[in-house]
Amino acid sequence: MKSTKLQAIENPARRAGRPRRAAPALDGDTILQAALALLEKQGEAFSMRALAQSLGVDAMALYHYYAGKDELLLALMAQRFAALDPRQPPFTRRQTPQRRLLALCALYLELVSATPYFVRLMARGLVTQADVAERFTALFELALEGLDLPQNIQLRGRDALVDFLHGYALAGRPAGETRWHASISLILAGMRTSA
(Lines give C-alpha, C1' and ligand atoms only; values in the text may rest on other atoms or scores of the structure.)
Protein backbone atom coordinates (compact mmCIF):
# COMPACT_ATOMS: atom_id res chain seq x y z
CA MET A 1 0.00 0.00 0.00
CA LYS A 2 1.30 3.45 -0.97
CA SER A 3 1.61 6.18 1.57
CA THR A 4 -0.65 9.22 1.33
CA LYS A 5 2.33 11.40 0.49
CA LEU A 6 3.38 9.14 -2.43
CA GLN A 7 -0.22 9.06 -3.74
CA ALA A 8 -0.37 12.86 -3.66
CA ILE A 9 2.83 13.11 -5.71
CA GLU A 10 1.67 10.56 -8.29
CA ASN A 11 -1.86 11.98 -8.56
CA PRO A 12 -1.60 15.68 -7.78
CA ALA A 13 -4.88 17.50 -7.25
CA ARG A 14 -5.72 19.87 -10.11
CA ARG A 15 -5.49 23.46 -9.04
CA ALA A 16 -8.02 26.03 -10.12
CA GLY A 17 -7.06 28.47 -12.88
CA ARG A 18 -5.38 28.17 -16.24
CA PRO A 19 -2.97 25.28 -16.75
CA ARG A 20 0.66 26.25 -17.09
CA ARG A 21 1.94 26.32 -20.62
CA ALA A 22 5.13 24.43 -21.32
CA ALA A 23 7.81 26.92 -22.27
CA PRO A 24 9.07 26.39 -25.82
CA ALA A 25 12.71 25.45 -26.22
CA LEU A 26 14.67 28.63 -26.82
CA ASP A 27 18.23 29.02 -28.03
CA GLY A 28 20.23 31.49 -30.11
CA ASP A 29 19.68 29.68 -33.42
CA THR A 30 15.93 29.44 -32.92
CA ILE A 31 15.78 33.15 -32.14
CA LEU A 32 17.85 34.06 -35.20
CA GLN A 33 15.74 31.93 -37.56
CA ALA A 34 12.51 33.43 -36.25
CA ALA A 35 13.98 36.95 -36.35
CA LEU A 36 15.06 36.61 -39.98
CA ALA A 37 11.60 35.44 -41.05
CA LEU A 38 9.95 38.24 -39.10
CA LEU A 39 12.37 40.88 -40.45
CA GLU A 40 11.57 40.01 -44.04
CA LYS A 41 7.85 39.98 -43.27
CA GLN A 42 7.55 43.11 -41.10
CA GLY A 43 10.53 45.22 -42.16
CA GLU A 44 10.66 48.45 -40.15
CA ALA A 45 7.88 47.26 -37.84
CA PHE A 46 10.15 44.49 -36.49
CA SER A 47 10.49 44.59 -32.72
CA MET A 48 11.78 42.37 -29.96
CA ARG A 49 8.22 42.19 -28.58
CA ALA A 50 6.86 40.95 -31.93
CA LEU A 51 9.70 38.42 -32.11
CA ALA A 52 8.93 37.15 -28.62
CA GLN A 53 5.26 36.85 -29.53
CA SER A 54 6.08 34.85 -32.67
CA LEU A 55 8.22 32.51 -30.56
CA GLY A 56 5.56 32.21 -27.84
CA VAL A 57 7.85 33.49 -25.09
CA ASP A 58 7.99 36.51 -22.83
CA ALA A 59 9.92 39.41 -24.40
CA MET A 60 12.38 39.42 -21.49
CA ALA A 61 13.46 35.87 -22.40
CA LEU A 62 15.10 37.24 -25.58
CA TYR A 63 17.25 39.62 -23.55
CA HIS A 64 19.01 36.65 -21.97
CA TYR A 65 20.48 36.01 -25.42
CA TYR A 66 20.72 39.51 -26.95
CA ALA A 67 21.02 42.85 -25.19
CA GLY A 68 18.63 44.46 -27.64
CA LYS A 69 17.49 44.81 -31.22
CA ASP A 70 20.83 46.17 -32.47
CA GLU A 71 22.79 43.27 -31.02
CA LEU A 72 20.30 40.81 -32.50
CA LEU A 73 20.63 42.44 -35.94
CA LEU A 74 24.43 42.25 -35.74
CA ALA A 75 24.24 38.57 -34.81
CA LEU A 76 21.90 37.96 -37.75
CA MET A 77 24.25 39.73 -40.14
CA ALA A 78 27.22 37.78 -38.83
CA GLN A 79 25.32 34.54 -39.37
CA ARG A 80 24.00 35.44 -42.81
CA PHE A 81 27.35 36.69 -44.12
CA ALA A 82 29.55 33.98 -42.54
CA ALA A 83 30.31 32.62 -46.01
CA LEU A 84 32.41 35.74 -46.67
CA ASP A 85 35.44 34.10 -45.12
CA PRO A 86 38.88 35.19 -46.35
CA ARG A 87 40.30 31.91 -45.04
CA GLN A 88 38.04 30.03 -47.47
CA PRO A 89 37.62 32.21 -50.55
CA PRO A 90 35.03 31.28 -53.18
CA PHE A 91 37.79 31.08 -55.81
CA THR A 92 41.23 29.57 -56.32
CA ARG A 93 44.49 31.43 -56.78
CA ARG A 94 44.98 29.72 -60.14
CA GLN A 95 41.99 31.56 -61.60
CA THR A 96 42.43 34.89 -63.36
CA PRO A 97 41.66 38.04 -61.35
CA GLN A 98 38.49 38.53 -63.41
CA ARG A 99 37.27 34.99 -62.65
CA ARG A 100 38.12 35.44 -58.97
CA LEU A 101 36.23 38.73 -58.86
CA LEU A 102 33.21 37.20 -60.58
CA ALA A 103 33.18 34.33 -58.06
CA LEU A 104 33.33 36.79 -55.15
CA CYS A 105 30.55 38.91 -56.63
CA ALA A 106 28.38 35.85 -57.26
CA LEU A 107 28.71 34.83 -53.61
CA TYR A 108 28.05 38.34 -52.29
CA LEU A 109 25.09 38.83 -54.62
CA GLU A 110 23.62 35.54 -53.48
CA LEU A 111 23.93 36.62 -49.84
CA VAL A 112 22.50 40.12 -50.25
CA SER A 113 19.72 38.92 -52.56
CA ALA A 114 18.63 36.41 -49.93
CA THR A 115 18.46 39.13 -47.28
CA PRO A 116 17.54 42.46 -48.91
CA TYR A 117 16.39 43.84 -45.56
CA PHE A 118 20.00 44.04 -44.38
CA VAL A 119 21.04 45.94 -47.50
CA ARG A 120 18.33 48.52 -46.79
CA LEU A 121 19.47 48.81 -43.17
CA MET A 122 23.12 49.18 -44.17
CA ALA A 123 22.29 51.79 -46.83
CA ARG A 124 20.35 53.84 -44.31
CA GLY A 125 23.04 53.48 -41.65
CA LEU A 126 20.58 51.94 -39.21
CA VAL A 127 22.85 49.03 -38.39
CA THR A 128 26.58 48.77 -38.58
CA GLN A 129 27.87 46.24 -41.03
CA ALA A 130 29.51 44.16 -38.32
CA ASP A 131 32.59 42.85 -40.08
CA VAL A 132 30.89 42.30 -43.44
CA ALA A 133 32.75 45.19 -45.07
CA GLU A 134 36.09 44.02 -43.69
CA ARG A 135 35.52 40.45 -44.88
CA PHE A 136 34.45 41.59 -48.34
CA THR A 137 37.48 43.91 -48.58
CA ALA A 138 39.88 41.11 -47.62
CA LEU A 139 38.35 38.81 -50.26
CA PHE A 140 38.34 41.63 -52.82
CA GLU A 141 42.06 42.19 -52.27
CA LEU A 142 42.72 38.46 -52.65
CA ALA A 143 40.72 38.43 -55.88
CA LEU A 144 42.79 41.29 -57.32
CA GLU A 145 46.10 39.79 -56.24
CA GLY A 146 48.69 40.07 -58.98
CA LEU A 147 47.21 43.16 -60.64
CA ASP A 148 49.39 45.60 -58.68
CA LEU A 149 46.73 48.29 -58.53
CA PRO A 150 47.29 51.34 -56.30
CA GLN A 151 45.38 51.29 -53.01
CA ASN A 152 43.18 54.28 -53.90
CA ILE A 153 42.13 52.65 -57.20
CA GLN A 154 41.30 49.42 -55.38
CA LEU A 155 39.18 51.28 -52.82
CA ARG A 156 37.23 53.17 -55.47
CA GLY A 157 36.72 49.97 -57.45
CA ARG A 158 35.55 48.11 -54.36
CA ASP A 159 33.07 50.86 -53.49
CA ALA A 160 31.70 50.98 -57.05
CA LEU A 161 31.39 47.20 -57.04
CA VAL A 162 29.55 47.05 -53.72
CA ASP A 163 27.20 49.88 -54.73
CA PHE A 164 26.40 48.06 -57.97
CA LEU A 165 25.78 44.73 -56.20
CA HIS A 166 23.55 46.34 -53.57
CA GLY A 167 21.55 48.16 -56.22
CA TYR A 168 21.20 44.98 -58.25
CA ALA A 169 19.95 43.07 -55.22
CA LEU A 170 17.55 45.81 -54.13
CA ALA A 171 16.11 45.97 -57.64
CA GLY A 172 15.03 42.38 -57.10
CA ARG A 173 17.14 40.99 -59.90
CA PRO A 174 17.81 37.25 -59.61
CA ALA A 175 21.27 36.38 -58.35
CA GLY A 176 21.37 33.37 -60.68
CA GLU A 177 21.33 35.30 -63.94
CA THR A 178 24.66 36.32 -65.44
CA ARG A 179 23.92 39.65 -67.16
CA TRP A 180 25.64 41.42 -64.28
CA HIS A 181 28.98 39.85 -65.31
CA ALA A 182 29.43 42.55 -67.98
CA SER A 183 29.09 45.28 -65.35
CA ILE A 184 31.75 43.66 -63.17
CA SER A 185 34.06 43.41 -66.19
CA LEU A 186 33.54 47.13 -66.87
CA ILE A 187 34.38 48.06 -63.28
CA LEU A 188 37.53 45.93 -63.42
CA ALA A 189 38.51 47.44 -66.81
CA GLY A 190 38.00 50.92 -65.33
CA MET A 191 40.28 50.06 -62.42
CA ARG A 192 42.99 48.80 -64.75
CA THR A 193 42.70 51.90 -66.97
CA SER A 194 42.87 54.26 -63.99
CA ALA A 195 46.04 52.61 -62.78
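See the structure shown above.
Figured I'd write up the structure that's included with this text.

Of regular secondary structure, the protein chain possesses 10 helices and 0 strands. Each helix (α) and strand (β) of the protein chain, taken in turn from the N terminus, gives the series α-α-α-α-α-α-α-α-α-α. Buried residues in the protein chain amount to 37% of all 195 residues. Taking as baseline every contact in the protein chain between residues at least 6 positions apart, the subset at least 24 positions apart corresponds to 71%.

Here helix α9 (residues 151-170) crosses helix α10 (residues 180-194) at 165°, and the two axes come no closer than 10 Å. When the axis of α9 is compared with that of α10, the two are roughly antiparallel. As α9 packs across α10, the resulting crossing turns out to be right-handed. Mapping the contact onto sequence places Ile153, Gln154, Gly157, Ala160, Leu161, Phe164, Leu165 and Tyr168 in α9 and Trp180, Ser183, Ile184, Ile187, Met191 and Ser194 in α10. Across the contact of α9 with α10, the residue classes tally to 10 nonpolar, 4 polar and no charged.

The end-to-end C-alpha separation of α10 is 21 Å, in line with the 21 Å expected for 15 residues at 1.5 Å each. Those residues of α10 that fall on the buried side of the exposure criterion are Trp180, Ile184, Ile187, Leu188 and Met191. In an axial view of α10, the angular spread of the buried residues amounts to 95°, which keeps them on one side of the axis. In α10, the exposed residues that point more than 90 degrees away from the buried face are Leu186 and Thr193. Looking at the buried residues of α10, the elements they touch are α6 (97-114), α8 (132-143) and α9.

Following both chains from N to C, one finds helix α5 (residues 69-80) and helix α7 (residues 116-123) inclined at 125°, their axes separated by 11 Å at the closest point. The angle between α5 and α7 falls in the class oblique. Read as a crossing pair, α5 and α7 show a hand that is left-handed. Residues Leu73, Leu76, Met77 and Arg80 of α5 form the contact with α7, whose participating residues are Phe118, Leu121 and Met122. Considering only residue class, the contact of α5 with α7 consists of 6 nonpolar, no polar and 1 charged.

So, about the pattern of salt bridges. What the rule picks out here adds up to 6 salt bridges. A salt bridge links Arg87 to Asp85; the nearest nitrogen and oxygen atoms lie 3.1 Å apart. With a shortest N-O distance of 3.0 Å, Arg135 and Asp131 are connected by a salt bridge. Judged by its relative accessible area of 30%, Asp131 falls in the partly exposed class. If you follow the salt bridges from partner to partner, you end up with Arg173, Glu177 and Arg179 in one network.

Attention now goes to α9. Under the 1.5 Å per step criterion, the end-to-end length of α9 is 28 Å for 20 residues, consistent within 8% with the ideal 28 Å. Buried within α9 are the following residues: Ile153, Gln154, Gly157, Arg158, Leu161, Val162, Leu165, His166, Tyr168 and Ala169. Elements in contact with the buried residues of α9: α6, α7, α8 and α10. Backbone geometry just downstream of α9 places Gly172 in the positive-phi region, at approximately 80°.

This paragraph deals with unusual backbone geometry. Phi at Asp148 takes a positive value of approximately 50°, unusual for a residue other than glycine. By the element assignment, Asp148 lies in the loop between α8 and α9. Residue Asp148 is classed as exposed on the basis of its relative accessible area of 73%.

About the thresholds
Residues numbered from 1 in each chain as written. Predicted model: local features only at pLDDT ≥ 70, side-chain atom pairs only at ≥ 80, totals over all residues. Heavy atoms only, no water. Helix = DSSP H or I, 4+ residues; strand = E, 2+ residues; numbered from the N terminus. Buried < 20%, exposed > 50% of the residue type's maximum accessible area, 1.4 Å probe, protein only. Contact = heavy atoms within 4.5 Å. Axes fitted to C-alpha atoms, helices over the stretch in contact; angles between N-to-C directions. Parallel < 35°, antiparallel > 145°, perpendicular 65-115°, else oblique. Left-handed = near helix turned anticlockwise from the far one by under 90°. Nonpolar A, V, L, I, M, F, W, Y, C, P; charged D, E, K, R; others polar. Expected span 1.5 Å × (residues − 1). Arc of directions from axis to C-beta. Salt bridge = Lys/Arg side-chain N within 4 Å of Asp/Glu carboxyl O.

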